[in-house]
Amino acid sequence: MSEPADRRYGPATVPTARGPLSAAVVEALRRPPRDLPADLGVDLDPADPITDEDLQLTLFLCYELHYRGWLGVDESWEWQPTLLALRARCERVFEAALRRLVGAPSVPAAGVAAGLAELVAADDGPSLAATLQRRADLSQFREFVAHRSVYHLREADPHSWALPRLGGPAKAALVEIQTDEYGNGRLDRMHAELFRSTLDGLGLDTGYGAHIDVAPAVTLATNNLMSLFGLHRRLRGALLGHLAAFEMTSSLPNRRYGNGLRRLGFDEVATRFYDEHVEADAVHEQIAAHDLCGGLVRVEPALASDVLFGAAAGLAVDRLFAAHLLDSWAAGRSSLRTPAPPALPPTVLPTVPLASTAAVPLVTG
Ligand SMILES: [Fe+2]
Ligand SMILES: [Fe+2]
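My aim in this report is to walk through the structure given alongside it, one point at a time.

Rules and cut-offs
- Residues numbered from 1 in each chain as written.
- Chains lettered and ligands numbered in written order.
- Predicted model: local features only at pLDDT ≥ 70, side-chain atom pairs only at ≥ 80, totals over all residues.
- Heavy atoms only, no water.
- Donors = N, O, S within 2.8 Å, 3.2 Å for Na, K, Ca; no water.
- Tetrahedral: all angles 85-135°; square planar, octahedral: opposite > 155°, others 65-115°.
- Helix = DSSP H or I, 4+ residues; strand = E, 2+ residues; numbered from the N terminus.
- Buried < 20%, exposed > 50% of the residue type's maximum accessible area, 1.4 Å probe, protein only.
- 1 Å grid on protein atoms, 1.4 Å probe; cavity = no way out; pocket = protein on both sides within 12 Å on 5 of 7 lines; lining within 4 Å.
- Points joined across faces, edges and corners; volume = space filled by probe spheres on them.
- Nonpolar A, V, L, I, M, F, W, Y, C, P; charged D, E, K, R; others polar.
- Salt bridge = Lys/Arg side-chain N within 4 Å of Asp/Glu carboxyl O.
- Axes fitted to C-alpha atoms, helices over the stretch in contact; angles between N-to-C directions.
- Parallel < 35°, antiparallel > 145°, perpendicular 65-115°, else oblique.
- Left-handed = near helix turned anticlockwise from the far one by under 90°.
- Contact = heavy atoms within 4.5 Å.
- Expected span 1.5 Å × (residues − 1).
- Polar contact = N/O pair within 3.5 Å; in protein donor to acceptor, adjacent residues only side chain to side chain.
- Core = buried A, V, L, I, M, F, W, Y, C linked by side-chain atoms within 4.5 Å.

1. As for the coordination of the iron ion (ligand 1)
Here comes step 1: On the protein side, the iron ion (ligand 1) has Glu 155 (OE), Glu 181 (OE), His 191 (ND1) and His 277 (NE2) as donor atoms, found 1.8 to 2.1 Å from it.
Here comes step 2: Each of the 4 donor atoms bound to the iron ion (ligand 1) contributes to angles spanning 83 to 166°, and the resulting shape is irregular.
Here comes step 3: Between the iron ion (ligand 1) and the iron ion (ligand 2), a separation of 4.1 Å is found, and both are coordinated by Glu 181. On the criterion of sequence distance, the pair formed by His 191 in helix H9 (residues 191-201) and His 277 in helix H13 (residues 268-299) is long-range, its members being 86 residues apart.
Here comes step 4: The exposure class of His 191 is buried, given its relative accessible area of 1%.
Here comes step 5: Note on His 277: relative accessible area 3%, which makes it buried.

Here you go:
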């Protein structure tokens, strides 16, 4: 198995399994593509799919095959039919849980942009951003950055899947937003690269996917949600709604994150990712609500409720994420996982190296 030329850009190392289902997938991915056992996941019925470690890691393992792939894993696994069938079963459980969580938001007479504004105004989640601005210590800030690295190191990628599925005004609006996210084609201005500087400034491993093993299910769920919406054309409305909610709740929290880092003594290189989003997302929020989602619904009116579902789901899962961090810190615990070796039968024991039990992976070289 050869090392990648540059681990900053992936693929990531296959993570450690978190239960029987993810263990079976990890074990399978280490071999050439072949059919999975037919009874895999036969009892797929977790009490809370959104925070179920085994289910969320299984989804993440499957989805990553469509992003950078996994180190040492045959790329043909991406379209292996029995793995896709297993993913579909996991997705049905996950999507049903999301729909139970947020219900079916109704579209106000004033239109989808007004509906998005209502959802954002009613978003009364715990203020993680205020805590990070005023009170979080360095280790807590580093935890937050490690959680978010799972997304920010591939920032904007899930929403790009909408591009070939759109035409007209919504496509133009999405291109306008994504162009900024990708730094207008300049590597040093890509938001993922700005975030890498933040990780580096905080002394954290900047490798793509370096923090997956310590990211709990709820963090993976914030990512899996985007992948679910992004990989299914039928959910394109939800994908755009998710992006709109993301942009509409970004500007003020990012100002707070930057201020929190300044309070802890960090310079403008470390804070630049957050500072950049204060201005950029104040603009993106208008484009996303009116041109992107409004533009989509003008062409495809039947997608209005899906747009609001995607926005509501994104906001709700992010509230769970924020509550997890704040509750962990209030109880004096780390919000990250400290993976233990899985108790699995020898035939399915993963042979990939177990992750360090250190709270946050530090720079490895
Ligand atoms: Fe961004
Ligand atoms: Fe943005």
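Picking up after the structure, the text goes on.
2. As for the layout of surface pockets
Here comes step 1: Looking at the largest pocket, its volume works out to about 840 Å³.
Here comes step 2: Arg 148, Thr 249, Pro 253, Tyr 257 and Asp 318 are the residues nearest the centre of the largest pocket, which is lined by 40 residues in total.
Here comes step 3: Residue assignment for the lining of the largest pocket shows that the elements contributing at least two residues are helix H5 (128-134), helix H6 (138-152), helix H10 (217-231), helix H11 (236-248), helix H12 (251-263), H13 and helix H14 (304-330).
Here comes step 4: In terms of residue count, the dominant contributor to the lining of the largest pocket is H14 (7 residues).
Here comes step 5: Split by residue class, the lining of the largest pocket holds 19 nonpolar, 13 polar and 8 charged.

3. Looking at unusual backbone geometry
Here comes step 1: For the peptide bond that leads from Gly 10 to Pro 11, omega is 0°, which places it in the cis range.
Here comes step 2: Positionally, Pro 11 belongs in the segment before helix H1 (20-29).
Here comes step 3: Here the phi dihedral of Ala 156 falls at roughly 85°; this positive angle occurs in a residue that is not glycine.
Here comes step 4: Along the chain, Ala 156 falls in the loop between H6 and helix H7 (157-160).
Here comes step 5: Although it is not a glycine, Asn 184 adopts a positive phi angle of roughly 50°.
Here comes step 6: Along the chain, Asn 184 turns up in the loop between helix H8 (168-181) and H9.

4. Thoughts on the coordination of the iron ion (ligand 2)
Here comes step 1: Ligation of the iron ion (ligand 2) by protein atoms is provided by Glu 181 (OE), Glu 247 (OE), Glu 247 (OE), Asp 281 (OD) and His 284 (ND1), these donors lying 2.1 to 2.5 Å from the ion.
Here comes step 2: Each donor residue of the iron ion (ligand 2) lies on one chain, and together they are spaced E-x65-E-x33-D-x2-H.

5. Here we look at the pattern of salt bridges
Here comes step 1: As enumerated under the stated definition, the model contains 18 salt bridges in all.
Here comes step 2: Here the salt bridges do not stand alone but share partners, grouping Arg 18, Glu 53 and Arg 337 into one network.

6. With respect to the packing of H11 against H13
Here comes step 1: Their axes nearest at 8 Å, the elements H11 and H13 cross at an angle of 155°. Comparing their axes, H13 and H11 come out roughly antiparallel. As for how H11 packs across H13, the hand of that crossing is left-handed. On H13, the residues touching Gly 237, Leu 240, Gly 241, Leu 243, Ala 244, Glu 247 and Met 248 of H11 are Asp 281, His 284, Glu 285, Ala 288, Ala 289, Leu 292, Cys 293 and Leu 296.
Here comes step 2: For the contact of H11 with H13, a count of residues per class yields 9 nonpolar, 3 polar and 3 charged.

7. What to know about H14
Here comes step 1: A rise of 1.5 Å per residue sets the reference length of H14, with its 27 residues, at 39 Å; its end C-alpha atoms lie 39 Å apart and thus fit the reference within 8%.
Here comes step 2: Downstream of H14 by one or two residues, Gly 332 has phi in the positive range, about 75°.

8. A word on the environment of Asp 6
Here comes step 1: Residue position: Asp 6 is located in the segment before H1.
Here comes step 2: Sequence separation of Asp 6 and Tyr 208 is 202 residues, and the distance between their C-alpha atoms is 9.5 Å.
Here comes step 3: For Asp 6, the side chain forms a polar contact with the side chain of Arg 8, separated by 2.6 Å.

9. With respect to the nonpolar core
Here comes step 1: Grouped together as the largest cluster of nonpolar side chains are 102 residues, with contacts concentrated most on Trp 70 and Phe 144.
Here comes step 2: For this core, the element with the most residues is H14, which contributes 13 residues.
Here comes step 3: Excluding residues that lie within four positions of it along the chain, Phe 144 makes contacts with Leu 128, Leu 132, Tyr 257, Tyr 274, Phe 321, Leu 325 and Trp 329.

10. Side note on the side chain of Asn 223
Here comes step 1: Among the secondary structure elements, Asn 223 is positioned in helix H10.
Here comes step 2: A residue is classified by how much of its surface remains accessible, and Asn 223, at 2% relative accessible area, is buried.
Here comes step 3: Looking at Asn 223, its side chain comes within polar contact range of the main-chain oxygen of Thr 219, at 3.0 Å.
Here comes step 4: Among residues more than four places away in sequence, those in contact with Asn 223 are Phe 60, Val 150, Tyr 151 and Arg 154.

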